2 protein chains.
Amino acid sequence: MDIQTTADKIRAGERRALARAITLVESTRRDDRAKAAELLSALGTDHQALRIGLSGTPGVGKSTFIESFGKMLTGQGLRVAVLAVDPSSTRSGGSILGDKTRMDLLSCDPNAFIRPSPSQTQLGGVARRTREAIALCEAAKFDVVLIETVGVGQSETAVAEMSDLFLLLLAPAGGDELQGVKRGIMETCDIILVNKADGDLKSQAMRTCADYASALRLMRKRAKDPPRDTHDFPKALVVSALQEDGIAAAWGEIQTLATWRKDNGIWDARRARQARFWFQEEVRAGLLSQLTSDKDVKAQLAALEDDVAQGKIRPAQAAEAMIAKLFPSASAKHNDTPA
Amino acid sequence: MDIQTTADKIRAGERRALARAITLVESTRRDDRAKAAELLSALGTDHQALRIGLSGTPGVGKSTFIESFGKMLTGQGLRVAVLAVDPSSTRSGGSILGDKTRMDLLSCDPNAFIRPSPSQTQLGGVARRTREAIALCEAAKFDVVLIETVGVGQSETAVAEMSDLFLLLLAPAGGDELQGVKRGIMETCDIILVNKADGDLKSQAMRTCADYASALRLMRKRAKDPPRDTHDFPKALVVSALQEDGIAAAWGEIQTLATWRKDNGIWDARRARQARFWFQEEVRAGLLSQLTSDKDVKAQLAALEDDVAQGKIRPAQAAEAMIAKLFPSASAKHNDTPA
């Protein structure tokens, strides 16, 4: 792969070049990683897409929503990329229901580019590759990059930390279930979309939406910091992805908030904060990888671990001994306990 | 605090000494940490309690269950300790509904010891302190240690990794909601308890229980490894914590599985595996703390972070530079990319 040619093709919007480049950034091979870094440097950062994070548990209709939403955007002449961050179950991978419905119509659209999640078990790796895939899509001058995740564990936070705007898609539910939504994620999201506002579920969806709207208002009131966005965000809306109802209204709200954030310096500040966050994450990941990349360190770890498993030493004690070996000077300071 | 006297009092089952010792292991002060390590070493590990992990989202009736379950156990003359691992929301701490109902009757029981979660935002710290609190409760010769957590994020995994048995408490739900339970946690739990099997919800609870029972059977069939427990575990049961129905049956199942695991070497193997796991976690946490404990390292991090925020360098690139500074030899190896 010639880096400069590939970069030119991506800038020209060639889908196959983009797809191959994403495969490159997804690779864990050391020589591929070097090439990926070279390609990203060659591409630079001269175009910003609107990065929209979208989270929702399985069954709320994420695929249907993305299909409706994406088709509306491409219908307006916008180019849309869809990337997925799909954390695997800790043990066996995948969701309990197996494969999910794909977005049939959108995937055939020449102005849309859909990329499933890389099959990688470590969230850290997926997060880095997704951020690099976003950079590639921006270089390919997509207008909107939609980053989709299922609402479990850390993947939601990771996606929020790589998005300009964060949407939470929910299903209509009884009032009692409101408490089940994690407060952290409600504080992170900009717009809650209550889906399935059609047929028998329509009135239930309206009620659920009203419940979330009050919860959001309550949280805004209680927030210690002054609200950073215009007074009516975060907000809750109803949509029917199936009947393509409310989708245009949701897009209108997204544009309003995005424009307001750009005009008020919040857009840039958010991207800068996110860059800091990911730098810190990368440093952490790099430190941990030292534990497995050095033979001597690995052997010492294994020996201590055996002692721990046999109950000869407590985990915390053994860990202190290990850190003392890795950072002799630092641990000397640590032992200098104040009297 | 005299370590040896405190150790003797804990071994004699003195609740106030135990409570003070837990406060000691919860402290982050360096001199307290040293004393805690000394106390834990003095106590040793001659008694094993049955460590039961219990998870469930807010509203499923965890407190009511623990009250019923705990009272039944103390009624049989058993001594029960209840520890909580309550992860805070990433931003503001606490659940959306605020304080939860406490266990009024159980907390007055002389054979019960209830300890709320330490107010600590980092899961790593809470996990270590909870493990140390478990060790203290075992030294105080409790028969059962119940470790309670809300079913969000990593706290569930953490509690599973410090339990001999893991219970998942669920509320009756429509069949559609079954998919919302994370597969990872279903694979981790030994017994699913569908609570609120009383009044109007009774038949719904039975249906939900049957649904989970089939899901568990399906997962067992699809599992690549041969099942490690007797053929009918993990299993799903209905209970009514409110009416104290099914609680004794659940305890019977817990005892059956615990005895079987002890007789088949799985109990000890599980504890050894968990010790290895926590050792690895402690080493990771210790490595990361190096980033904040050294002044020069902190300054270098801050400078690179500013460059990242200003878009001068990509997060991943900057992180590589940082790691290269921390581990000069290791990074030399890293750059030795195969051609």
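Here the structure is a predicted model, which is why all the values come from computation and not from measurement.

Calculation criteria
Residues numbered from 1 in each chain as written. Chains lettered and ligands numbered in written order. Predicted model: local features only at pLDDT ≥ 70, side-chain atom pairs only at ≥ 80, totals over all residues. Heavy atoms only, no water. Helix = DSSP H or I, 4+ residues; strand = E, 2+ residues; numbered from the N terminus. Buried < 20%, exposed > 50% of the residue type's maximum accessible area, 1.4 Å probe, protein only. Contact = heavy atoms within 4.5 Å. Areas by Shrake-Rupley, 256 points an atom, 1.4 Å probe, with all protein chains shown as cover. pLDDT = per-residue confidence, 0-100. Pairing = 2+ DSSP bridges. Axes fitted to C-alpha atoms, helices over the stretch in contact; angles between N-to-C directions. Parallel < 35°, antiparallel > 145°, perpendicular 65-115°, else oblique. Left-handed = near helix turned anticlockwise from the far one by under 90°. Salt bridge = Lys/Arg side-chain N within 4 Å of Asp/Glu carboxyl O. Polar contact = N/O pair within 3.5 Å; in protein donor to acceptor, adjacent residues only side chain to side chain. Expected span 1.5 Å × (residues − 1). Phe/Tyr/Trp six-rings, centres within 6.5 Å; stacked < 30°, edge-to-face > 60°. Lys NZ or Arg CZ within 6 Å of the ring centre and 35° of its normal.

**A few points about the overall build of chain A**
Next, step 1: If you tally the helices and strands in chain A, you get 14 helices and 7 strands.
Next, step 2: Within chain A, the proportion of its 339 residues that are buried is 50%.
Next, step 3: Counting only contacts in chain A whose residues sit at least 6 apart along the sequence, the fraction spanning at least 24 positions is 77%.
Next, step 4: As presented, chain A carries roughly 15,800 Å² of accessible surface, and 51% of it is formed by carbon and sulfur atoms.

**Description of the confidence of the model for chain A**
Residue and element names in this part refer to chain A.
Next, step 1: Across chain A, pLDDT averages 84, with 84% of residues at or above 70.
Next, step 2: When pLDDT is averaged over each helix and strand of chain A, the minimum, 50, is found for helix α14 (residues 328–335) and the maximum, 96, for strand β1 (residues 50–55).
Next, step 3: Within the model, pLDDT remains below 50 along residues 89–101, and this stretch shows 24 contacts once partners closer than five positions in the same chain are excluded.
Next, step 4: Note on residues 331–339: pLDDT under 50 across the span, and 10 contacts to partners over four residues away in sequence or across chains.

**Section: the sheet that holds strand β7 (residues 235–238) of chain B**
Residue and element names in this part refer to chain B.
Next, step 1: Pairing is parallel across the open sheet formed by 7 strands, whose spatial order is β3-β2-β4-β1-β5-β6-β7. Only two strands of the sheet have a single partner each, and these edge strands are β3 (112–115) and β7. Ignoring strand direction, the axes of neighbouring strands in this sheet form an average angle of 20°.
Next, step 2: Where strand β2 (residues 80–85) and strand β4 (residues 144–149) come together, 6 bridges link them in parallel fashion. Counterpart to Ala81 in the pairing with β4 is Val145.
Next, step 3: The strands touched by helix α4 (residues 62–75) within the sheet are β1 (50–55), β2, β3, β4, β5 (165–170) and β6 (191–194), with β4 carrying the most contacts at an inclination of about 180°.

**Points about the packing of helix α1 (residues 3–11) of chain B against helix α3 (residues 30–43) of chain B**
All names here are of chain B.
Next, step 1: Direction vectors running N to C along α1 and α3 enclose 50°, while the axes themselves pass 9 Å from each other. Taken as axis vectors, α1 and α3 run oblique relative to one another. The interaxial crossing formed by α1 with α3 has right-handed handedness. The segment α1 lies against α3, with Ile3, Gln4, Thr6, Ala7, Ile10 and Arg11 engaging Lys35, Glu38, Leu39, Ala42 and Leu43.

**So, the pattern of salt bridges**
All names here are of chain B.
Next, step 1: Inspection of the entire model under this criterion finds 38 salt bridges over all chains.
Next, step 2: Among the salt bridges present, the one from Asp31 reaches Arg29, with a minimum N-O distance of 2.8 Å.
Next, step 3: On the basis of relative accessible area, Arg29 is assigned to the exposed category, the value being 51%.
Next, step 4: Residues Arg51 and Glu138 are paired through a salt bridge, measuring 3.0 Å at the closest nitrogen-oxygen approach. Of the two residues, Arg51 is situated in strand β1 and Glu138 in helix α6 (residues 123–139); the sequence distance between them amounts to 87 residues.

**Thoughts on the environment of Lys235 of chain A**
All names here are of chain A.
Next, step 1: Mapped onto the fold, Lys235 is located in strand β7 (residues 235–238).
Next, step 2: Placed 21 residues apart in sequence, Lys235 and Ser214 show a C-alpha to C-alpha distance of 9.4 Å.
Next, step 3: Residue contacts for Lys235: discarding those within four places in its chain leaves Asp190, Ile191, Ile192, Leu216 and Glu253.
Next, step 4: A polar contact is formed between the side chain of Lys235 and the side chain of Glu253, at a distance of 2.9 Å.

**Concerning the environment of Arg79 of chain B**
All names here are of chain B.
Next, step 1: Its place among the elements puts Arg79 in the loop between α4 and β2.
Next, step 2: Spatially, the C-alpha atoms of Arg79 and Pro110 are 8.6 Å apart, while their sequence positions differ by 31 residues.
Next, step 3: In contact with Arg79, not counting residues within four places along its chain, are Gly13, Asn111, Ala140, Lys141, Phe142, Asp143 and Val144.
Next, step 4: Within polar-contact distance, the side chain of Arg79 engages the backbone oxygen of Lys141 at 3.3 Å.

**Comments concerning the pairing of strand β5 (residues 165–170) of chain A**
Residues and elements named next belong to chain A.
Next, step 1: Where burial is concerned, most of β5 is hidden: 6 out of the 6 residues are buried.
Next, step 2: A two-sided burial pattern is seen for β5, the buried positions comprising Leu165, Leu167 and Leu169 on one face and Phe166, Leu168 and Leu170 on the other.
Next, step 3: Here β1 pairs with β5 via 4 bridges, running parallel. Note that in β5 the partner of Gly53 across the bridge is Phe166.
Next, step 4: One ladder, built from 4 bridges, connects β5 with strand β6 (residues 191–194); its direction is parallel. Pairing of Leu169 across the sheet is with Leu193, part of β6.

**Some points on α3 of chain B**
An α-helical turn contains 3.6 residues, so any two residues separated by three or four positions project in the same direction.
Residue and element names in this part refer to chain B.
Next, step 1: Compared with an ideal rise of 1.5 Å per residue, which puts 14 residues at 20 Å, α3 spans 20 Å between its outermost C-alpha atoms and is within 8% of the ideal.
Next, step 2: Inspection of α3 places Asp31, Asp32, Arg33, Ala36, Leu39, Leu40 and Leu43 among the buried residues, and these make up the whole buried set.
Next, step 3: One or two positions beyond α3, positive phi appears at Gly44, with a value near 65°.

**Structural notes on the packing of aromatic side chains**
Next, step 1: Applying the stated criterion across every chain yields a total of 8 aromatic pairs over all chains.
Next, step 2: The interplanar angle of 15° and the centroid separation of 5.3 Å between the aromatic rings of Phe65 of chain A and Phe69 of chain A together place this pair among those described as stacked. Within this pair, Phe65 of chain A and its partner Phe69 of chain A are both found in helix α4 (residues 62–75), separated by 4 residues, close to a single helical turn. Grouping residues by exposure puts Phe65 of chain A and Phe69 of chain A together as buried.
Next, step 3: Relative to Trp278 of chain A, the ring of Phe277 of chain A has its centre 4.9 Å away and its plane inclined at 85°; by these criteria the two rings are edge-to-face.
Next, step 4: Given a relative accessible area of 24%, Phe277 of chain A falls into the partly exposed group.
Next, step 5: Three or more aromatic residues joined by ring pairs make a cluster, and in this case those are Phe65, Phe69 and Trp251 of chain A.
Next, step 6: Lying over the aromatic face of Phe233 of chain A, Lys235 of chain A brings its terminal NZ or CZ to 4.7 Å of the ring centre.
Next, step 7: Positioned above the aromatic ring of Trp267 of chain B, the side-chain terminus of Lys262 of chain B is 4.4 Å from the ring centre.

**Considerations on the sheet that holds strand β4 (residues 144–149) of chain A**
Residues and elements named next belong to chain A.
Next, step 1: Read from one edge to the other, the open sheet built from 7 strands follows the order β3-β2-β4-β1-β5-β6-β7, with strand pairing classed as parallel. Each end of this open sheet is capped by a strand with a single partner; those strands are β3 (112–115) and β7. Averaged over all neighbouring strand pairs, the angle between strand axes comes to 20°, with direction disregarded.
Next, step 2: One ladder, built from 4 bridges, connects β6 with β7; its direction is parallel. Within β7, the residue paired with Val194 across the bridge is Val238.
Next, step 3: Across the sheet, α4 is in contact with β1, β2 (80–85), β3, β4, β5 and β6; its angle to β4 comes to roughly 180°.

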